[in-house]
Amino acid sequence: MGTQDEILLKHELEVMAGILESKAQYRKIVKAGIAKWVKDFQDGRIEIKTVDDLKKLIEIDIELQKDEL
């Protein structure tokens, strides 16, 4: 058995690992959304005046990357 500090550290590491895994999954979703938006735009299904969705996806992607720097 470990000391109280070791137990706390292990718990914090497990929580952080879970957060990082979730962020990686969210980034995959966001990147897929960006790719779909670009394809739809290239195919003419999206007009330039509707770029707000793309902007939101890019902002989410940047936010998710902040901790990686």
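Structure report, in brief. (Residues numbered from 1 in each chain as written. Predicted model: local features only at pLDDT ≥ 70, side-chain atom pairs only at ≥ 80, totals over all residues. Heavy atoms only, no water.)

**Let's talk about the overall build of the protein**
Here is step 1 of the chain: Broken down by element type, the protein carries two helices and zero strands.
Here is step 2 of the chain: By the compact-globule yardstick of 11 Å for 69 residues, the protein is too spread out, its C-alpha radius of gyration being 18 Å.
Here is step 3 of the chain: Principal-axis analysis of the C-alpha atoms places the extent of the protein at approximately 60 × 15 × 15 Å.
Here is step 4 of the chain: A burial count over the protein gives 14% of its 69 residues as buried.
Here is step 5 of the chain: With 12 positive and 15 negative side-chain charges, the protein shows a spacing of 8 Å between the two charge centroids. (Helix = DSSP H or I, 4+ residues; strand = E, 2+ residues; numbered from the N terminus. Rg over C-alpha atoms; globule rule 2.2 N^0.38 Å. Buried < 20%, exposed > 50% of the residue type's maximum accessible area, 1.4 Å probe, protein only. Lys, Arg positive; Asp, Glu negative; His and termini not counted. Charge placed at Lys NZ, Arg CZ, Asp CG, Glu CD.)

**Thoughts on the nonpolar core**
Here is step 1 of the chain: Val30, Ile34, Trp37, Ile46, Leu54 and Leu64 form the largest nonpolar core, which has six residues in total.
Here is step 2 of the chain: Looking at this core, the elements with two or more residues in it are helix H1 (4-42) and helix H2 (52-65). (Core = buried A, V, L, I, M, F, W, Y, C linked by side-chain atoms within 4.5 Å.)

**Comments concerning H2**
Here is step 1 of the chain: For H2, which comprises 14 residues, the first-to-last C-alpha distance of 20 Å matches the rise-based estimate of 20 Å (1.5 Å per residue) to within 8%.
Here is step 2 of the chain: For H2, the elements touching its buried residues are H1. (Expected span 1.5 Å × (residues − 1). Contact = heavy atoms within 4.5 Å.)

**Quick notes on the pattern of salt bridges**
Here is step 1 of the chain: Under the defined criterion, the tally for this structure stands at eight salt bridges.
Here is step 2 of the chain: The shortest N-O distance in the salt bridge between Glu59 and Lys55 comes to 3.9 Å. Of this pair, Glu59 and Lys55 both sit in helix H2, four residues apart, which is roughly one turn of the helix.
Here is step 3 of the chain: Using a relative accessible area of 48% as the deciding quantity, one classes Lys55 as partly exposed. (Salt bridge = Lys/Arg side-chain N within 4 Å of Asp/Glu carboxyl O.)

**Looking at the packing of aromatic side chains**
Here is step 1 of the chain: Overall, the coordinates contain one aromatic pair when judged by the stated rule.
Here is step 2 of the chain: A ring pair is formed by Trp37 and Phe41, whose centres lie 5.4 Å apart and whose planes are at 10°; its orientation type is stacked. Note that Trp37 and Phe41 are positioned in helix H1 at a spacing of four residues, about one turn of the helix.
Here is step 3 of the chain: Since its relative accessible area comes to 32%, Phe41 is described here as partly exposed. (Phe/Tyr/Trp six-rings, centres within 6.5 Å; stacked < 30°, edge-to-face > 60°.)

**Some words on the side chain of Lys23**
Here is step 1 of the chain: Structurally, Lys23 is set in helix H1.
Here is step 2 of the chain: Those residues in contact with Lys23 that lie beyond four places of it in its chain are Leu64 and Asp67.

**Concerning the environment of Gly44**
Here is step 1 of the chain: In this fold, Gly44 is placed in the loop between H1 and H2.
Here is step 2 of the chain: In the structure, Gly44 is positioned 23 residues away from Asp67 in sequence and 35 Å away in space, judged by C-alpha atoms.

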